[in-house]
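Summary of structural features
Below, each chain spelled out in residue letters.
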Amino acid sequence: MAGLLESVIRNVSPSTAKHNVAIALGSNLGDRFANIETALYLIEQPNQLLASVAADAVSVVDTSFMYETAPMYVTNQPRFANCACLVETTIEPRVLLKLLKRIETTVGRVPSIQNGPRAVDLDIILYDNEIIDTRDEGRRDTLDGLAGELVFVLRPLADMIPEFVHPVHKKSIRTLLDGVISQSNIEFPMLKVTPFANYPIPEIQQLPGIHQVPSMESDRQKLRLMATLNATPDSFSDGSVNNTLSAALTYSETSVRAGADIIDIGGYSTRPGAAFVSPEEECQRVVPVIQAIRSHEDQDVSSVLISIDTFRWEVAEAAVLAGANCINDVYSFTGPEYPLTQTSVKHLLKMREVARKLAVPVILMHSRGDAGSNKDYGQYKGGVLEGVRVELGEKVEAIIKGKGGVRRWFVIVDPGIGFSKTVEANCALLREASSMTMNALVNPLAGYPQLIGSSRKSFLGAILERPDADADGTYKGRKTQPKERGWATAATVACAVQQGANVVRVHDVQDMRDVVAVASAIWSYP
């Protein structure tokens, strides 16, 4: 599998690139995240602003996470959105700097005071093994001062190239960052955020020659409750319950008023044996629901975040253009085939293209193919925790890296509770969920926000069927239907909170909101 996915990165990266460059991006005026996204689009279309430069002269091949930071020095201004990217380019530093300055002007930067507000700020930080720091002279890094400023540069670089050895300080980026943090008394106000695009896009003026970028709002990575809306007749838990427009709207209204932050809408059941549904029919099931929510008279309902639960690019695109803000894919862009094939790679490239164009968050779940045809619950190399980290990590790397990759800040990972795993493996993943994304020397999922979806799953039913292990016990076990597993689900939601999950996906919103509220108070998660 690794070889197939690695080929994605190789095949979409320019073979003629001569230089590897790190660029820092920031914005605190106007639509900050859209400004940065627009700047990244323009970086990859240099001929739009410099006629002498070839259209394919610059490629963005990696991005950091997105951070929201308090302003330094001049503090009476809005918070900054900060990130960084890696590019491969054939152009020399002076030409690249000229391009970046043209982009700043095009996006809307105007002269300001030093360290003052700006629509977008682009600076070359590394050029191959050289230091070409184009920030204002007073903002350039030294290890003896300006520690807060240096962290703003090092942290995004550490997301992408933690082991890169700094050409001047002769230490890795990771080591430099750890050293600055440990030696400084400054509390660095860097909050990781996930920008959610606002769709549908209103008819507005757009920049010539580039794809229109939607406006975006930040979603700081606190715990979010996702309500499950299956617009299907055959889902494992609630098929035919919400598959009419009126029922779907009622569920959405009730969920939002009960505290749901996201409505996850699906039109194709992933349960074993589910009937095939064409992309056209799937769209017919979900798009009207999305449109109805967006036109709802209650602003709380009409403005709720919407996720489209699909593995098909046609459905994802139609749903987002209708008003969804996020794509939730149980196959992490590779489709239902397992083991992976060349068809899986083509599927990934198309899903990646659509997600990149739409600039929306993507939830990437671990699974081993279609639940109806694949029952491979075999051993995971290194155990289930390491196995999921490696298998999902390989897909994530193929999705975010190389030319055309999805921005790292848009990715949310899901370990796939209840998919291709034994009961014991599901329990282990819940029990150690925080280790899936912990910062470690070798962890491709390090730092990503995590979704846990355990609601009403069959492994809970299997646990409830077990009699007391003690021979003298009185509990003989009981069979349950999915809707009878509310209390069992509550136990897993409390565990997800304790493990620091960013999103929990549930069916019974009111009850699980209570669980989240109390568990969060106990474990001190705001």
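Just above, that's the structure.
Attention in this report is confined to the structure presented alongside it. (Residues numbered from 1 in each chain as written. Predicted model: local features only at pLDDT ≥ 70, side-chain atom pairs only at ≥ 80, totals over all residues. Heavy atoms only, no water.)

The next point concerns the overall build of the protein. When helices and strands are counted, the protein shows 16 helices and 16 strands. Within the span of the protein, comprising 526 residues, buried residues form 58% of the whole. Contacts in the protein between residues far apart in sequence, at least 24 positions, make up 71% of those at least 6 positions apart. When the accessible area of the protein is evaluated, it comes to approximately 22,300 Å², of which 53% is carbon and sulfur surface. (Helix = DSSP H or I, 4+ residues; strand = E, 2+ residues; numbered from the N terminus. Buried < 20%, exposed > 50% of the residue type's maximum accessible area, 1.4 Å probe, protein only. Contact = heavy atoms within 4.5 Å. Areas by Shrake-Rupley, 256 points an atom, 1.4 Å probe, with all protein chains shown as cover.)

Turning next to the pattern of salt bridges. Pairing between side chains of opposite charge can happen when their charged atoms approach one another. Across all of its chains, the model carries 23 salt bridges by this definition. The residue E44 makes a salt bridge to R356 at a minimum N-O spacing of 2.4 Å. One end of the pair, E44, is in the loop between α2 (32–43) and β2 (58–63); the other, R356, is in helix α10 (residues 342–358), with 312 residues separating them in the sequence. R356 carries the same exposure label as E44, and that label is buried. (Salt bridge = Lys/Arg side-chain N within 4 Å of Asp/Glu carboxyl O.)

Turning our eyes to something else, we now look at unusual backbone geometry. Put simply, Y199 and P200 share a cis peptide bond, and its omega is -5°. The topology assignment puts P200 in the loop between β7 (190–197) and β8 (216–220). Cis peptide bonds are those with omega within 30 degrees of zero, and the linkage from Y338 to P339 qualifies with -5°. The phi angle at D128 is positive, at roughly 55°, despite the residue not being glycine. Its identity as a non-glycine residue notwithstanding, K170 has a phi of 60°, on the positive side. As for its placement among the helices and strands, K170 is situated in the loop between α4 (147–160) and α5 (173–183).

Let's shift gears to the packing of aromatic side chains. Tallied over the entire structure, the rule returns five aromatic pairs. With 5.8 Å between their ring centres and 40° between their planes, Y268 and F311 make a pair best called tilted. Here Y268, found in the loop between β10 (262–266) and α7 (279–294), pairs with F311, found in the loop between β11 (305–309) and α9 (313–322); they are 43 residues apart in sequence, far enough to count as distant. Both residues of the pair, Y268 and F311, count as buried. Here the aromatic rings of F311 and Y331 are separated by 5.1 Å at their centres, their planes lie at 70°, and the arrangement is edge-to-face. You can see F311 sitting in the loop between β11 and α9 and its partner Y331 sitting in the loop between β12 (326–329) and α10, a full 20 residues away along the chain. (Phe/Tyr/Trp six-rings, centres within 6.5 Å; stacked < 30°, edge-to-face > 60°.)

Turning next to the sheet that holds strand β15 (residues 451–452). With respect to topology, eight strands assemble into an open sheet ordered β14-β13-β12-β11-β10-β9-β16-β15, the strand pairing being parallel. With one partner strand each, in any of the chains shown, β14 (411–414) and β15 form the two edges of the open sheet. Bridging between β10 and β11 involves five bridges; their strand directions are parallel. Along β11, the bridge assignment pairs I265 with I308. Its contacts with the sheet put helix α6 (residues 245–258) on β9 (224–230), β10 and β16 (503–506), and the angle it makes with β9 is roughly 165°. (Pairing = 2+ DSSP bridges. Axes fitted to C-alpha atoms, helices over the stretch in contact; angles between N-to-C directions.)

The side-chain alternation of β12 yields two buried faces, one formed by C326 and N328 and the other by I327 and D329. Handedness of the β-α-β unit built from β11, α9 and β12 comes out right-handed. With three bridges joining them, β12 and strand β13 (residues 362–365) adopt parallel strand pairing. The partner of I327 across the bridge, within β13, is V362. Taken together, β12, α10 and β13 form a β-α-β motif whose crossover is right-handed. (Right-handed = clockwise from strand over helix to strand, strands pointing away.)

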